[in-house]
Amino acid sequence: MKIKNNWGTYIVIAFALFISFIMYFVLKVQSDSKYDNDLVVEEYYKHDVHFQDEMERIQNAHDLKEKPSVTVNGNGVSIAFPADFKAKDIKGTVALYRASNKKFDFQIPLSFTDSASLFIPKDKFIAGEWNINMEWKYSGKSYLTKEEIYIK
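Structural notes, computed from the coordinates. (Residues numbered from 1 in each chain as written. Predicted model: local features only at pLDDT ≥ 70, side-chain atom pairs only at ≥ 80, totals over all residues. Heavy atoms only, no water.)

Brief notes about the sheet that holds strand β5 (residues 117-121)
Taken in spatial order, the 3 strands of this open sheet run β1-β2-β5, and their pairing is antiparallel. Bordering the open sheet on either side are β1 (69-73) and β5, each of which pairs with just one other strand. The average angle at which neighbouring strand axes cross in this sheet is 15°, direction not considered. Bridge count for strand β2 (residues 76-80) against β5 is 5 bridges, and the pairing is antiparallel. Paired with Ala-80 across the bridge in β5 is Ser-117. (Pairing = 2+ DSSP bridges. Helix = DSSP H or I, 4+ residues; strand = E, 2+ residues; numbered from the N terminus. Axes fitted to C-alpha atoms, helices over the stretch in contact; angles between N-to-C directions.)

Some thoughts on the side chain of Arg-98
Mapped onto the secondary structure, Arg-98 falls in the loop between β3 (91-97) and β4 (106-110). The side chain of Arg-98 sits in the buried core without any salt bridge; Asp-105 is the nearest counter-charge, 7.4 Å away. A distance of 3.1 Å separates a polar atom in the side chain of Arg-98 from the backbone oxygen of Ala-127. Apart from residues lying up to four places away in sequence, Arg-98 is in contact with Phe-104, Asp-105, Ile-126, Ala-127, Gly-128, Glu-129 and Trp-130. (Buried < 20%, exposed > 50% of the residue type's maximum accessible area, 1.4 Å probe, protein only. Lys, Arg positive; Asp, Glu negative; His and termini not counted. Salt bridge = Lys/Arg side-chain N within 4 Å of Asp/Glu carboxyl O. Polar contact = N/O pair within 3.5 Å; in protein donor to acceptor, adjacent residues only side chain to side chain. Contact = heavy atoms within 4.5 Å.)

Focus: the packing of aromatic side chains
The description of an aromatic ring pair uses the distance of the two centres, along with the angle that the planes make with each other. For the coordinates displayed, the defined rule picks out 9 aromatic pairs. Summarising the aromatic geometry, the rings of Phe-81 and Trp-136 are spaced 5.2 Å apart at their centres and angled 80° between planes, so their arrangement reads as edge-to-face. Note that Phe-81 is positioned in the loop between β2 and β3 and Trp-136 in strand β6 (residues 128-138), a separation of 55 residues in sequence. Pair check on accessibility: Phe-81 and Trp-136 agree, each one buried. Considering the side-chain rings of Phe-106 and Trp-130, the 6.0 Å spacing of their centres and the 65° angle between planes classify their relative orientation as edge-to-face. Of the two residues, Phe-106 sits in strand β4 while Trp-130 sits in strand β6, which places them 24 residues apart along the sequence. What makes Phe-106 buried here is its relative accessible area of 18%. A relative accessible area of 0% means that Trp-130 is categorised as buried. (Phe/Tyr/Trp six-rings, centres within 6.5 Å; stacked < 30°, edge-to-face > 60°.)

None of the figures reported here should be taken as evidence of function without further support.
Right under this line is the structure:
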């Protein structure tokens, strides 16, 4: 007796093969340690609770007449605050995030002596895209700026 296959049978077979193909790659990525699928921020939900506070700090930075500048050159990264800021009154941190691998992330405290500028040498970076989050306080107000830079 010959079994006759119609077009519905072929559609079911195609779906089954497609689902098997997708499941193979999902399982491979989840079980293989060379694929890093960590979150960018540890404790993501705790970070999300403070979202409104973060938006206020970003707005404070946006409202400044002169904003801090981030400059990338062959020697490294320079961060300069406007001249009307008193260097000794600026307190905060600069967090540098590498989106592709959190092992390269680092933070530097904002501490100035005479001029309100900070230099980070190129040897602290690997080539590629970096996210810079600067959080600082000045005159009782909190500020936050976020920028992306590319290091060659």
